[in-house]
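Residue strings, one per chain:
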Amino acid sequence: MTGTLKAYAVRLFPQVAALAIILFMVSLAFPGFFKLSFQNDRLYGSLIDILNRGAPVALLAIGMTVVIATKGIDLSVGAVMAICGAVAAASITAGHSLAFTLLVTISTGILCGLWNGVLVAVLDIQPIIATLVLMVAGRGIAQLITEGAILTFNHPGLIFIGSGSLFGLPMPVIIWLGFGLIVALLVRRTALGMLIEAVGVNRRASRLSGVSTGVLLIAAYMLSGLCAALAGIIAAADIRGADANNAGLWLELDAILAVVVGGTSLLGGRFSIAASLLGAMIIQSINTGILLSGFPPEFNLIIKAAIIVLILVIQSPRAQSAFIWMSRARAAEPKKEQEAK
Amino acid sequence: MQSVSSYVLSATGIDKIFPGARALNGVDFSLARGEVHALLGENGAGKSTLIKCLTGAYRRDGGRILLDGADVDPHNTLEAQKLGIGTVYQEVNLLANLTVAENLFLGRQPRRFGLVDARAMNKQARALLSQYDLDIDVTAELSSFSVAVQQVIAIARAVDLSGKVLILDEPTASLDTHEVAMLFRIVRRLKERGLGIIFITHFLEQVYDISDRITVLRNGQLVGTRDTSALPRRELIAMMLGRELVHEVSEAKQSEAKAPGAARFRFRGFGRKGHIQPFDLDVASGEVVGIAGLLGSGRTETAEILFGAERADSGTAEVDGRPLDLSSPRAAIREKFGFCPEDRKVDGIVGDLSVRENIVLALQARRGWARPISRSEQDRLADHYIKALDIRTSDREKPIRLLSGGNQQKAILARWLATNPEFLILDEPTRGIDVGAHAEIIRLIETLCEKGMSLIVISSELEELVAYSSRVLVLRDRAHVAELTGEEVTTNAIVEAIASAHEGRPS
Amino acid sequence: MNPRYLPLTATVAIFLIAYAVCIAQYPNMLSTRVIGNLLTDNAFLGIAAVGMTFVILSGGIDLSIGAVIAFTGVFLAVLLQSTAIHPLAAFALALIITTAFGAMMGAIIHHLEMPPFIVTLAGMFLARGMAFVLSIDSIPIKHPFYTSLKSFYYVLPGGGRLTLIGGLMLVVFLVGILIAHRTRFGADVYALGGGTATARLMGVPIGRTTVMIYALSGFLAGLSGIVFSLYTSAGYSLATVGVELDAIAAVVIGGTLLTGGSGFVAGTLIGILIQGLIQTYITFDGSLSSWWTKILIGLLLFAFILLQKALILLSDRRRRHA
Amino acid sequence: MTVGFSQIGSESGWRAAETTLTKQQAEKRGIDLKFADAQQKQENQIKALRSFIAQGVDAILVAPVVATGWDEVLQEAKDAKIPVVLLDRTIDAPKDLYLTAVTSDLVHEGNVAGKWLVDTVAGKPCNVVELQGTTGSSPAIDRKKGFEEALAGKDNLKIVRSQTGDFTRTKGKEVMESFLKAEDGGKNICAVYAHNDDMAVGAIQAIKEAGLKPGTDILVVSIDAVPDIFQAMAAGEANATVELTPNMAGPAFDALDAFIKDGKEPPKWIQTESKLYTQADDPMKVYEEKKGLGY
Ligand SMILES: Nc1ncnc2c1ncn2[C@@H]1O[C@H](COP(=O)(O)OP(=O)(O)OP(=O)(O)O)[C@@H](O)[C@H]1O
Ligand SMILES: Nc1ncnc2c1ncn2[C@@H]1O[C@H](COP(=O)(O)OP(=O)(O)OP(=O)(O)O)[C@@H](O)[C@H]1O
Ligand SMILES: [Mg+2]
Ligand SMILES: [Mg+2]
């Protein structure tokens, strides 16, 4: 048990370190950064903002991790978010109950995932292109539902999901933490994780070993759709309206970035949901840090690019082996001295 | 003792350390002009690693390399090629997405006015391959050819590249006798031209057939270098294994002539258009049915269709009179089938996963995702098979792609044994496996058989096939053409069956 | 026929069928005007897509091209506005910068062993960010040289124009085809796409080739930026957002495998034309709302991919049974 | 009459309303409207214009995504004798290339919002935070400029923070949240100026969630006058908005009609009104009027 715990610590170390460094840097630019207070029944402060604002990317990253582990990619999640937000808003304004609305919305997300999954697994279309179809068409579908306007609602239950709080934490935080935990347990306490990794590394060999590769692939995309649905509900509930035009726009890139910063290879195989969630928080910390720092917006992208490159350089296999080499050399030095004597 | 200068290549004190494994430990190796030097050792002994260090594919951690008496230090294979060292690596062959000609001339295409002259390249490629009796469309993609053809192309490329040294890492693993003979003709010719040739193989007959000297490695250490003529076979094996081998494979059949019982598995008119013509097949419990044939005769396709990897479009299959569902590998596995594929890199190993996970994969897949095999049970299974099959790995959590070729093969075999199948198909199970393990696998086949398992074994090594099969099917041009039973099962009979079938070919 | 050319042939066939269908509905679409527009309007995309083809053939991806195009435009505009430098010199300078930018990304990908997707994503942020820093305004380019370059076109019978930039795109495609199939570099690109490990053992200079591929993509993105600045006579930091996805789609529709190692530069041209055709068709129809436009583009994309798959499968089967 | 209309896209509710109204106006006048959506891309707009020319439409409406880069294609339209009317944004091109431009004055809008704020705080010190539109877009640049002009020389008013909220509610809310944190929980902020109403709506939610009263503790002024902001004004949560009318097509069609029928040249710039709405203007009534327009 302690062995696996240690393995976890080693696996997550780069992400935790990167997060810590970024938080430290932000606190230099903005001294009140770590201040937390209790307000309106919940914790309040910049750190909570990061957890809260990072919710959509964190949720997307959960599904994206699994999809990427199968050697796929899902570009449609942003559009699916928009669709699901629109469906939720449309359903609730049409007077349906909250339970029904959530059910319909989540089913919609899963259905979108099913579409992607079938394209990838059954029709054997390359994932990037298969999901590009829904990425392009999906936003259109969302706009079709809202007719291009922002569909506002004021159902307190739905709004609660976006801006309510529970146990002193904002609901979105509870949702992504909880859902992340569920999925992580689901894949690690069952054999799913290993089977997904096997499919991602060598789909053919897995099929020949009796793994139902098709079903697993479809399931991965369905999970991604489900995650997008949750993210879409949160995004809509947060602003009390479905903004089909902008909800989730370009968020697929952030989600992929989170997964990669989390150390999962885009070539499939080994994955870690916890690391991806950390990756999502790293990205959100960068975003929030930029907002707090007070730089003019022209510099946003450059700062973001520079920090990401830095993190990735630190995490790259080359740099890591150089690091190991350096520490080895340092360990060897005293020995040499002794030998010299 | 030859003088140092007569060595075209000599390496001293080569070290190579991988994280968690010391693959080479101060190995010395020298290669004279005009000699064929066999490099031998068990699976995982470090043979492939040594040659990769010599050609710069790996950076060595210590030691010197002299080429023609001068220090060289190739940083990558391109530099080695430029120094006149041509290599056929184990496993990694060529690029499947390029044409044959492009593979042969990659990086040194003939040019006209600065542009690649495709016509000249194709012409040269055809000329080159004709030396190997290979008359194929050089503008077709490499992937459209069988493993054997690809192997010959790889050899042709390496030979063409080697000005001084030619290195062949298990080049004959997927070749049949005819092609091996051809390869040896070429090797002898090169030898006369003064090239030094390093030859790695697990076929000892071939070693005695062609090599002048033998170097044996064990566990990354040099055991010794001897002249082939002065090293009897038993002694060689003892050098490799560090112990005596109890019994080697021989044609001497333990003919207690197990009279095979009633057919348990019955296939009638089983086939698939474009892949294999419909055939009938009966397999009794505790019986080994061998499949023989030339390369590309359809042996692998027979296996794939039996396992549902390719769905049969005609015929029926039943066990004990009950119809079998063989519509997919998954279905076949549910029927307690197992299939150890021929191309382990593409169809077998799941490279990034650990040895443990690779071993439990099929069993876990059969149980379904919701019923995970507990970690302790996985460890137990993995340890059991690592020990039982003598899989050389530093630990069970090592990614399987880092194992040596032969050990990967054993791990795949373990994957299937772990599922406890009733019907096991082995496609070239001993390819690339060392003498010691070879004997063990054959013993294993016999024990499985005694336990009542039904086996189909495909092998190009006829002695081996004869040793354990009670029946042998002979294939030609994707059709079953002959079946030998009982006393008929001899190497000669099989060769004859293949040959006569060939003569009967309408040309 | 050599099975390698199957996807290409399928794509060409689909394009011709689709064009025929369009003409049947709107006979005007046969005019040389439409054909000339198809070339001119897609010139910048086509040029960038040639670079993308090489990147994808090698098994990589380049997400930075849209941002690099915008950067080039802003760079040229700022330079021509605030200095007296001749546009040709400015072009050369821009190409040097973008080529070096691409080479740098290639070097990072190779030496730090980082996935191209992420490196070029960071490159996209960086290039777009640099454009913002140069200027957030859209800056018109009023240099007389631009005017004279733009007046340089060949009038086709029927009133269509074959413009300089349309012609340049065709030239770039020709050169691209030559590089891909008739140079050692081209063969190395395919080799890389077939598998880095194998290519390395076969003596392909992985590092040099990777750097050159991304440098080429950067160069062509820069050239595309020049063309775009000619096309719009302006530089604007928000221009060409998402063009990389259009380019990727064109490459893939053109029959190139995203996993690398298989495909044709010529196919990309057809991919570009197919996308242009979809656009033109939608405009000719003129009754679609914003959302139906998106949905239709998605569906047509899907239909093309499906058709391509079906054609390939069909002839594959026929070959097997023959 | 057949008229081609090249719309930018549908990035906001206001844009959707403009599209709806254009279609309505066309229908009312019996005009056959060819609509082309450019998905936010200038190159698509140019393509659309070229297609319109190739089809031989009678006139073209275009809502240009950016000011530059239109000379060539407009010249082509002129050569083909097709009059072009610009909607809601002007461009950087010789005036003879288009018939007229029906637009509001973006700088003026920002100015109106700024003036309102200057008058409202009446000399008291006031820290303003600004939610900019998409970096580089002309409304963002001009509305910022106009607002700053109005504040120039008023030493009591200071823009303390300015970030982009991309014209969206989500980003408006997120950016406002960080402003509130950065400015001592919002105690340092007296007013927020948003380049569009959507960001203002997001900001209002952020202010409420921070435990402050938007409209009282922090003044909210924005631009566009979309229906939702009137609801907020009715609830006392927003203070003022400057209208940008989505009905640009009406005047455009009128001008076209007159030009084609009687050859009457319209003025080069038909400026729409930038009307200021405050809580005193019966916001609920305006809301009801605007609700059905497809915002
Ligand atoms: N990249 C690597 N990382 C870690 N260990 C490695 C790596 N490559 C090889 N090894 C280990 O080094 C040892 C020697 O392997 P090598 O491939 O040289 O064996 P071999 O003699 O060629 O065996 P075979 O006959 O099976 O091909 C093996 O134990 C293998 O697990
Ligand atoms: N000499 C050859 N020339 C061209 N194609 C060949 C040749 N040998 C085999 N092939 C092709 O490769 C495939 C190999 O078939 P299959 O694997 O069923 O044969 P096999 O008897 O198992 O041979 P192997 O021992 O190589 O596995 C066939 O589809 C055949 O068309
Ligand atoms: Mg080996
Ligand atoms: Mg075979």
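Residues numbered from 1 in each chain as written. Chains lettered and ligands numbered in written order. Predicted model: local features only at pLDDT ≥ 70, side-chain atom pairs only at ≥ 80, totals over all residues. Heavy atoms only, no water.

Under the annotation held in an unreviewed UniProt entry, chain B carries the name Sugar ABC transporter ATP-binding protein and is attributed to Shinella sedimenti. The Sequence similarities (unreviewed entry) comment attached to chain B in UniProt states, word for word, "Belongs to the ABC transporter superfamily." (UniProt positions renumbered as here; feature names shortened; annotations may be inferred.)

Enquirer: Please explain the coordination of the magnesium ion (ligand 4) as it appears in this structure.
Expert: Ideal coordination angles are 109.5 degrees for a metal with four donors arranged tetrahedrally and 90 or 180 degrees for a metal with six donors arranged octahedrally. Residue and element names in this part refer to chain B. Protein ligation of the magnesium ion (ligand 4) involves T300 (OG1) and E342 (OE), the donor distances falling in the range 1.8 to 2.5 Å. Taken together, the positions of T300 in helix α9 (residues 299-307) and E342 in the loop between β18 (337-340) and α11 (344-348) put the pair 42 residues apart, joining distant regions of the chain. Taking relative accessible area as the criterion, E342 reaches 19% and is therefore assigned buried. (Donors = N, O, S within 2.8 Å, 3.2 Å for Na, K, Ca; no water. Helix = DSSP H or I, 4+ residues; strand = E, 2+ residues; numbered from the N terminus. Buried < 20%, exposed > 50% of the residue type's maximum accessible area, 1.4 Å probe, protein only.)

Enquirer: Can you walk me through the interface of chain C and chain A in this structure?
Expert: How big an interface is tends to be expressed through the accessible area that disappears when the partners come together. Taken together, the contact pairs 41 residues of chain C with 41 residues of chain A. On the chain C side of the interface with chain A, the three residues burying the most area are F117, F125 and W291 of chain C, jointly 18% of the side's total. Seen at the junction of chain C and chain A, the total is two residue pairs in polar contact (both at pLDDT 80 or more). Looking at the side of chain C that touches chain A, the elements that each hand over two or more residues are α6 (116-134), α12 (243-253) and α14 (290-321) of chain C. Looking at the side of chain C that touches chain A residue by residue, the classes come out as 30 nonpolar, seven polar and four charged. (Contact = heavy atoms within 4.5 Å. Buried area = accessible area lost by both parts, 1.4 Å probe. Polar contact = N/O pair within 3.5 Å; in protein donor to acceptor, adjacent residues only side chain to side chain. Nonpolar A, V, L, I, M, F, W, Y, C, P; charged D, E, K, R; others polar.)

Enquirer: How do you make sense of the coordination of the magnesium ion (ligand 3) when you look at a structure like this?
Expert: All names here are of chain B. The magnesium ion (ligand 3) binds to the protein through S48 (OG) and Q90 (OE1), with metal-donor distances spanning 1.9 to 2.0 Å. Note that S48 is positioned in helix α1 (residues 47-54) and Q90 in the loop between β6 (85-88) and α3 (100-105), a separation of 42 residues in sequence. For Q90, a relative accessible area of 14% gives the class buried.

Enquirer: How should I be thinking about the sheet that holds strand β4 (residues 62-67) of chain B in this particular structure?
Expert: In sheet architecture, strand pairing relies on hydrogen bonds along the backbone and comes in two forms, parallel and antiparallel. Residues and elements named next belong to chain B. Here we have four strands laid out as an open sheet, ordered β2-β1-β4-β5, and antiparallel in their pairing. Edge positions in the sheet fall to β2 (21-32) and β5 (70-71), since each of these pairs with one other strand and no more. Across the face of the sheet, α1 comes into contact with β1 (7-18), β2 and β4 while running at roughly 115° to β1. (Pairing = 2+ DSSP bridges. Axes fitted to C-alpha atoms, helices over the stretch in contact; angles between N-to-C directions.)

Enquirer: How do you make sense of the state of the cysteines when you look at a structure like this?
Expert: Linking two cysteines covalently via their sulfur atoms produces the bond known as a disulfide. Residue and element names in this part refer to chain D. All chains considered together, the criterion is met by one disulfide over all chains. What pairs with C126 in a disulfide is C190, and their sulfur atoms sit 1.6 Å apart. Disulfide C126-C190: torsion about the S-S bond near -80°, hence left-handed. Placement of C126 in strand β6 (residues 126-132) and of C190 in the loop between α6 (169-182) and β8 (191-194) is noted, with a sequence separation of 64 residues between them. (Disulfide = S-S within 2.5 Å.)

Enquirer: Could you clarify how one ought to interpret the site of ligand 2 in this entry?
Expert: Residues and elements named next belong to chain B. Taken together, 13 residues lie around ligand 2, and R299, T300, E301, E342 and R478 are the ones closest in. Note that an oxygen atom of ligand 2 is positioned 2.2 Å from one of the side-chain N or O atoms of R299. In the environment of ligand 2, an oxygen atom lies 2.6 Å from a nitrogen or oxygen atom belonging to the side chain of E342. With three residues, α9 is the largest single contributor of residues to the shell around ligand 2. (Near = heavy atom within 4 Å.)

Enquirer: Where do I start with the arrangement of the chains in this structure?
Expert: Where the five pairs of chains in contact are concerned, the greatest contact count is recorded for chains A and C. No interface is formed between chain B and chain D, the nearest pair of C-alpha atoms being 36 Å apart.

Enquirer: Explain the site of ligand 1 here, please?
Expert: All names here are of chain B. Around ligand 1 lies a shell of 20 residues, among which G44, K47, S48, T49 and S404 are the nearest. G44 places a polar main-chain atom, nitrogen or oxygen, 2.8 Å from an oxygen atom of ligand 1. Between ligand 1 and the protein, one listed contact pairs an oxygen atom with a side-chain N or O atom of T49 at 2.5 Å. Every element with two or more residues in the shell around ligand 1 is listed here: α1 and α14 (405-417). Looking at the shell around ligand 1 element by element, the count peaks at three residues for α1.

Enquirer: Honestly, the confidence of the model for chain B in this entry has me stumped. Any pointers?
Expert: Any region with low pLDDT has predicted coordinates that should not be read closely. In the predicted model, chain B carries a mean pLDDT of 87, and 94% of its residues have values of at least 70. Per-residue pLDDT, averaged within each element of chain B, yields its smallest value for helix α17 (residues 491-503) of chain B (78) and its largest for helix α12 (residues 355-367) of chain B (95). (pLDDT = per-residue confidence, 0-100.)

Enquirer: Help me out: how do you make sense of the interface of chain B and chain C in this one?
Expert: Facing the 29 residues of chain B at the interface are 24 residues of chain C. On the surface where chain B and chain C come into contact, there are nine residue pairs in polar contact (both at pLDDT 80 or more). Among the secondary structure elements, those contributing two or more residues to the side of chain B that touches chain C are α2 (77-82), α3 and β8 (115-116) of chain B. Ranked by residue count, the leading element in the side of chain B that touches chain C is α2 of chain B, at three residues. Residue composition of the side of chain B that touches chain C, by class: 10 nonpolar, 11 polar and eight charged.

Enquirer: Before we go on, may I ask you to explain the sheet that holds strand β10 (residues 196-200) of chain B in this structure?
Expert: Residue and element names in this part refer to chain B. Strand order in the open sheet formed by six strands is β6-β9-β10-β3-β11-β12, with mixed pairing between adjacent strands. The open sheet terminates on both sides in strands that have one partner only, identified here as β6 and β12 (221-227). Neighbour-to-neighbour, the strand axes of this sheet turn through a mean angle of 15°, independent of strand direction. In the sheet, strand β11 (residues 213-218) pairs with β12 via six bridges, with the strands oriented antiparallel. Considered in β12, the bridge of R218 is made with Q221. In the packing of helix α5 (residues 147-161) onto the sheet, contacts are made with β6 and β9 (165-169), and the angle to β6 comes to roughly 170°.

Enquirer: What exactly am I supposed to notice about the pattern of salt bridges here?
Expert: Charged atoms that come close allow side chains of opposite charge to pair. Overall, the coordinates contain 73 salt bridges over all chains when judged by the stated rule. Residue D379 of chain B pairs with R356 of chain B through a salt bridge whose shortest N-O separation is 3.9 Å. With D379 of chain B in helix α13 (residues 375-388) and R356 of chain B in helix α12, the pair connects residues that are 23 residues apart, well separated along the chain. As far as the burial class goes, D379 of chain B and R356 of chain B line up, both buried. Linking K208 of chain D and E237 of chain D is a salt bridge whose minimum nitrogen-to-oxygen distance equals 3.0 Å. (Salt bridge = Lys/Arg side-chain N within 4 Å of Asp/Glu carboxyl O.)

Enquirer: Just checking my understanding: could you explain helix α9 (residues 249-262) of chain D for this structure?
Expert: Owing to its 3.6 residues per turn, the α-helix aligns residues three or four sequence positions apart on the same side. With 14 residues, α9 of chain D extends 19 Å between its outermost C-alpha atoms, agreeing within 8% with the 20 Å of an ideal straight helix rising 1.5 Å per residue. Within the sequence span of α9 of chain D, burial applies to A249, G250, A252, F253, A255, L256 and A258 of chain D. (Expected span 1.5 Å × (residues − 1).)

Enquirer: Is there a simple way to think about the pairing of strand β4 (residues 84-87) of chain D in this case?
Expert: Residues in a regular strand project their side chains so that they alternate between the two faces of the sheet. All names here are of chain D. Here β4 shows two buried faces, one formed by V84 and L86 and the other by V85 and L87. Sheet topology note: the strand β3 (residues 59-62)/β4 ladder contains three bridges and is parallel. Pairing of I60 across the sheet is with V84, part of β4. Remark: the β3/helix α3 (residues 71-79)/β4 crossover connection has right-handed handedness. Pairing of β4 with strand β5 (residues 100-103) involves three bridges; the strand directions are parallel. Pairing of L87 across the sheet is with V102, part of β5. (Right-handed = clockwise from strand over helix to strand, strands pointing away.)

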